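# A closer look at the structure
If you want the building blocks of each chain, they are given just below.
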Amino acid sequence: MGGLATAMLGCPGMPELPEVETIRRSLLSRLEGRRLVAVAASGSPLRQPIQEAAWQACVGARLEDLTRRGKYLIGHLGRHAAVFHLGMSGRLLVQPASSPAPAHTHLTLGFSDGLELRLVDPRRFGVAVVMPAEEVSLYPPLARLGVDPLEGDVEAALASLAGTRAPIRNALLDQSVVAGLGNIYANEALARAGIRPTTPAGRLSPARRARLARATRDTLADALAAGGTTLADGGFVDGDGNGGYFAVALRVYGREGQPCQECGAAIRRAVMAGRSAFYCPRCQR
DNA sequence: AAGCCAACCTGGACGC
DNA sequence: TGCGTCCAGGTTGGCT
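Bear in mind the structure is a predicted one, so any value in this text is a computation, not a measurement. (Residues numbered from 1 in each chain as written. Chains lettered and ligands numbered in written order. Predicted model: local features only at pLDDT ≥ 70, side-chain atom pairs only at ≥ 80, totals over all residues. Heavy atoms only, no water.)

### With respect to the sheet that holds strand 7 (residues 115-120)
Short version of the rule: Pairing between strands requires that DSSP locate at least two bridges from one strand to the other. Comment: elements are numbered from the N terminus, with helices defined as DSSP H or I runs of at least four residues and strands as E runs of at least two. Here an angle of 0 to 180 degrees is reported between the N-to-C directions of two axes, which are lines fitted to C-alpha atoms, with helices fitted over the stretch in contact. Whether two residues touch is decided by their heavy atoms; if any such pair falls within 4.5 Å, the residues are in contact.
Read from one edge of the open sheet, four strands run 1-6-7-5, paired in antiparallel fashion. Edge positions in the sheet fall to strand 1 (36-41) and strand 5 (91-96), since each of these pairs with one other strand and no more. Averaged over all neighbouring strand pairs, the angle between strand axes comes to 20 degrees, with direction disregarded. Bridge analysis of strand 1 against strand 6 (residues 105-111) gives five bridges, and the strand direction is antiparallel. In the strand pairing of strand 6, A41 is matched with L107. Set on the sheet, helix 2 (residues 17-31) makes contact with strand 5, strand 6 and strand 7; between it and strand 5 the angle comes to about 25 degrees.

In structure tokens:
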């Protein structure tokens, strides 16, 4: 796999937009229309405590749909909406209720026909909240989100950054600008567009904005087609526990010191806003 | 006000 | 072998 340097990073597969979309499709195919029959929480808080009583109030409802906004998943359970975010280490697995629950299972949703949806999250940076369906669009983390790059106008979102001096890599990580990019795909989109991560976001020419918008969409679409990125130690998996194959296609992420596949120059790493940025010093200007 | 940065948490990699 | 240290990730909240 592409896991030489990624193994060094020691990071699990982070669920960014393509991984979350892959999970969404996988879960929906397994659970759509099934009735919620049981709820259990571990008692350990995620980013906030899990409100078990609120989840219990959903018992009896059917999972009518599962939608996505950026990296958030929204389960539609009758009058209730269930909002999930996987943080950095979260997994949503559909498993037989008879099977042993994995370590760090913090929320278990039992569905009809003996299937359980298990939220497994060792680092507990995730989110699992339930609320009345009509309130979900007001939920602040969702209300803040910018355009979804698979559906919205990324070029317009980039144009709105006029006057911003922050580096474009940081701006791409801002979920209120474009929703769904994490550090892997922000770096990969910039590599594909030939733009250096340190470029001030407000200084991109219209032509370069257009190229970055296209590169962002193409990078995400390719990753989605590959079933997402699973790094060497196998972090990301879909609801069936299967990994994705995009790691082999990574141009710069986790490849410090390795040759650029286009020009052979050594990939560089720089720390920006406390996060690693990777780029080819020759192809990205 | 924009933008940086620490904090949250854990497991894996690394050094001694 | 085993311990300690460092680091990654996404998001929020506090600070400048």
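### A few points about the pattern of salt bridges
Formally: Basic side-chain nitrogens of Lys or Arg form a salt bridge, by our definition, when they fall within 4 Å of a carboxyl oxygen of Asp or Glu. A 1.4 Å probe rolled over the protein chains alone gives each residue an accessible area, and that area as a share of the maximum for its type sets the label: buried under 20%, exposed over 50%, partly exposed in between.
If you walk through the whole model with that rule in mind, you get eight salt bridges. The salt bridge partner of R25 is E21, with a shortest N-O separation of 2.9 Å. In this pair, R25 and E21 both sit in helix 2, four residues apart, roughly one turn of the helix. For R25, a relative accessible area of 46% translates into the label partly exposed. Using a relative accessible area of 6% as the deciding quantity, one classes E21 as buried. One salt bridge connects R68 with D148, and the closest N-O pair in it is separated by 2.7 Å. Residue R68 is found in strand 2 (residues 63-69), and its partner D148 is found in the loop between helix 4 (140-143) and helix 5 (154-159); the two are separated by 80 residues along the sequence. Judged by its relative accessible area of 4%, D148 is buried. Three or more residues joined by partner-sharing salt bridges are found here, namely E21, R24, R25, R68 and D148.

### Observations regarding the protein's contact with DNA strand B
Threshold: Definition of nearness: a residue and a molecule or strand are near each other if at least one heavy atom of the residue lies within 4 Å of the molecule or strand. Polar contacts here mean pairs of N or O atoms no more than 3.5 Å apart (in protein, one a potential hydrogen donor and the other a potential acceptor; neighbouring residues in sequence count only if both atoms are side-chain atoms).
Neighbouring DNA strand B are 12 residues; H104, P122, R123, R124 and R165 lie closest to it. The sugar-phosphate portion of DNA strand B accounts for 64% of its atoms within 4 Å of the protein, the bases making up the rest. Within the side chain of H104, one N or O atom sits 2.9 Å away from a phosphate oxygen of DNA strand B. In the environment of DNA strand B, a base oxygen lies 3.2 Å from a nitrogen or oxygen atom belonging to the side chain of R123.

### Considering the environment of R34
Relative to the elements of secondary structure, R34 occurs in the loop between helix 2 and strand 1. Among the residues examined, R34 registers a relative accessible area of 22% and is labelled partly exposed. Residues R34 and L63, spaced 29 residues apart in sequence, show a C-alpha to C-alpha distance of 5.7 Å.

### With respect to the domain arrangement of chain A
Condition: For the domain bounds, the source is a domain assignment made automatically or taken from a database. Throughout, buried area stands for the accessible area (probe radius 1.4 Å) lost by two parts on being put together, summed over both. Charged residues are taken to be Asp, Glu, Lys and Arg, nonpolar residues to be Ala, Val, Leu, Ile, Met, Phe, Trp, Tyr, Cys and Pro, and polar residues to be all remaining types, Gly included.
On domain assignment, one finds that chain A holds domain 1 (3-10 + 146-279) and domain 2 (32-143). At the interface, 15 residues of domain 1 touch eight residues of domain 2. Between domain 1 and domain 2 lies a buried interface of about 780 Å² when both sides are counted; carbon and sulfur atoms form 39% of it. Taken together, the links from domain 1 to domain 2 amount to one salt bridge. On the surface where domain 1 and domain 2 come into contact, there are three residue pairs in polar contact (both at pLDDT 80 or more). For the side of domain 1 that touches domain 2, the class distribution of residues is four nonpolar, eight polar and three charged.

### Description of the protein's contact with DNA strand C
Residues in close proximity to DNA strand C total 19 residues, the closest being H85, M88, R123, Y253 and R275. Take the atoms of DNA strand C that sit within 4 Å of the protein: sugar and phosphate atoms are 63% of them. With respect to DNA strand C, the side chain of H85 contributes an N or O atom lying 2.4 Å from a phosphate oxygen. Split by residue class, the surface near DNA strand C holds six nonpolar, six polar and seven charged.

### Concerning the environment of E155
Inspection of the secondary structure puts E155 in helix 5. As for E155 and A201, which are separated by 46 residues in sequence, their C-alpha atoms are 12 Å apart. Excluding its chain neighbours within four sequence positions, the residues that come into contact with E155 are P206, R209, A210 and A213.

### Let's talk about the side chain of N187
Looking at the secondary structure, you find N187 in helix 7 (residues 183-193). Take N187: its relative accessible area is 0%, and that puts it in the buried class. Side-chain polar atoms of N187 contact the backbone oxygen of N183, separated by 2.7 Å. Here N187 is in contact with R169, V252, Y253, S276, A277 and F278, once residues within four sequence places are set aside.

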